[in-house]
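Summary of the model geometry
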Amino acid sequence: MPRTPEPARDITGLKNMQQLIQLRWIAVVGQVVTILAVHFGFGIRLPLEPMLTVLGGLAAFNLVSYVRWRAPRTVTNSRLFIALLADVGTLTAQLYLSGGVTNPFVFLFLLQVSLGAVLLEAGSVWTLAVISSACVAGLALFSRPLPVPLDLDRGLASPYIQGLLVCFALNAGLLVTFISRIGRILRARDARLADLRQRAAEEEHIVRMGLLASGAAHELGTPLATLAVILGDWARLPHFTSDPELLNEVIEMETQLKRCKAIVSGILLSAGEARGESSAATTIGAFLEELVHDWRATRPLVAFEYENQFGDDLPMVSDSAVKQMIDNVLDNALEASPKWLRLVATRQGGTLVLTVTDRGPGFIPEMLRHVGKPYQSSKGRPGGGLGLFLVVNVARTLGGDVAARNRAEGGAEVTLTLPLAAIALEENLPHGD
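Because the structure is predicted, anything quoted here is derived from the model rather than measured.

Definitions and cut-offs
Residues numbered from 1 in each chain as written. Predicted model: local features only at pLDDT ≥ 70, side-chain atom pairs only at ≥ 80, totals over all residues. Heavy atoms only, no water. Helix = DSSP H or I, 4+ residues; strand = E, 2+ residues; numbered from the N terminus. Buried < 20%, exposed > 50% of the residue type's maximum accessible area, 1.4 Å probe, protein only. Contact = heavy atoms within 4.5 Å. Areas by Shrake-Rupley, 256 points an atom, 1.4 Å probe, with all protein chains shown as cover. Expected span 1.5 Å × (residues − 1). Pairing = 2+ DSSP bridges. Patch = residues over 30% accessible without salt bridge, like charges linked within 9 Å, V, L, I, M, F, W, Y side chains within 5 Å. Salt bridge = Lys/Arg side-chain N within 4 Å of Asp/Glu carboxyl O. Phe/Tyr/Trp six-rings, centres within 6.5 Å; stacked < 30°, edge-to-face > 60°. Lys NZ or Arg CZ within 6 Å of the ring centre and 35° of its normal.

From N to C terminus, the protein includes 13 helices and seven strands. In the protein, buried positions account for 37% of the 433 residues. Excluding contacts between residues fewer than 6 apart, the proportion of contacts in the protein whose partners are at least 24 apart in sequence is 71%. Accessible area for the protein stands at about 23500 Å²; split by element, carbon and sulfur atoms hold 62% of it.

Quick look at the structure:
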């Protein structure tokens, strides 16, 4: 069973702790109102000084907790347990000073145990339940009695029954409110975990593709090298040099063979692996110009528009993985719109934004909902949809993003967003980028 990633555990525990802090502030305000109402409104004399002292300690503890857990920190099960234990201890002290088990608010112990059942691990929950039960038993043996008759026969006119109703309503309201919130937090955590698992599965898929591509590259490398040697020898033979037509064919074969070798080398890069030896220093403008020139020279284009609106040029590290990623997006657009497409490069803050627009049929709704998922394709071919899947994963590796949409005037638009910090040379980045 996969372990919960640390970031997912941290943010969930922190949000749960913050919910407890909110609940504790409600408890502080509610206890102040209740103590004053009972003492002055109902005329039931309570030991105000010690009870308000306990309440002040609870408020101070909550203030420290608020300051401590306002910033992102790791919240473990033991810390949540200590927080709930502090609430149980404060409740026990207040009940000890105000009638013990004869106080109808003794049932607030169930609120603490219920929250513990949602937030804590099994062993901690049972420990909290045992401690709460021991506190109730201690209150039955040792507490300050209040001179208030139960008067159960008076029904709703009995102060005890009234307090019991208030306690029940308080328990019910707080449980519904905070357990609903905690449930949403836990569902959000599960959604994050599902996303992380999906990403891990996709990365594993890429690794498998990389392994297969590596094996294919090794297998194809030898015959391609042999063919290159043979064609080089042919180009020097008198039989070919004396016949311009045959020589041109040999030269064309050598050109196509070099392209095959480049494609084999690019297979590994398409699988998401960028090789250090394929990197070179250039500028963003020069990199895009070269990319567009090479792409134009090898594709049957009718109309292709390229606009560089990036602004001031920046030195960057040219890498075949980035080039292959952009080529894949352009190839997909060309296949959908053979007569026209456009590439626009702009700069938004610290990011390079590449927008590819076509006049094809656009994306089907299912593809837009699952952009970048493997085998999501409208082409109907087995194994289709891997191009955009690889594009998304390479962009994600660089810290970028890929977005796709259908244009209102027809066609589709794919936007690549790449952080300059991932591709530009750091010493040339403006301050803040």
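Let's shift gears to the environment of Thr90. Looking at the element boundaries, Thr90 is found in helix α3 (residues 77-96). Looking at Thr90, the relative accessible area reads 13%, which means it is buried. Spatially, the C-alpha atom of Thr90 lies 8.6 Å from that of Gly57, the residues being 33 residues apart in sequence. Beyond its immediate chain neighbours, meaning those up to four positions away, Thr90 contacts Val54 and Leu58.

Here we take up helix α10 (residues 320-336). Under the 1.5 Å per step criterion, the end-to-end length of α10 is 24 Å for 17 residues, consistent within 8% with the ideal 24 Å. Those residues of α10 not exposed but buried are Ala321, Val322, Met325, Ile326, Asp327, Asn328, Val329, Leu330, Ala333 and Leu334.

Here we take up the pairing of strand β5 (residues 351-358). Burial analysis of β5 places eight of its eight residues in the buried class, the great majority of the element. In β5, alternate side chains face the same way, and those of Thr351, Val353, Thr355 and Thr357 on one face and Leu352, Leu354, Val356 and Asp358 on the other are all buried. Counted along the chain from strand β4 (residues 341-348) to the antiparallel partner β5, the turn is two residues long, and its residue Gly349 has a positive phi close to 65 degrees. One ladder, built from seven bridges, connects β5 with strand β7 (residues 412-419); its direction is antiparallel. Residue Leu354 lies in a different strand from β7, and its bridge partner there is Leu416.

A cluster of nonpolar residues, Leu227, Ile230, Trp234, Leu237 and Met253, forms a patch on the protein surface that exposes about 430 Å² of accessible area. Ranked by residues supplied to the nonpolar patch, first place goes to helix α6 (residues 159-236) with three residues.

Under the defined criterion, the tally for this structure stands at one aromatic pair. Positioned above the aromatic ring of Trp69 is the side chain of Arg68, whose terminal nitrogen or guanidinium carbon lies 4.7 Å from the ring centre. Over the face of the ring belonging to Trp340 we find Arg359, whose NZ or CZ atom lies 3.9 Å from the ring centre.

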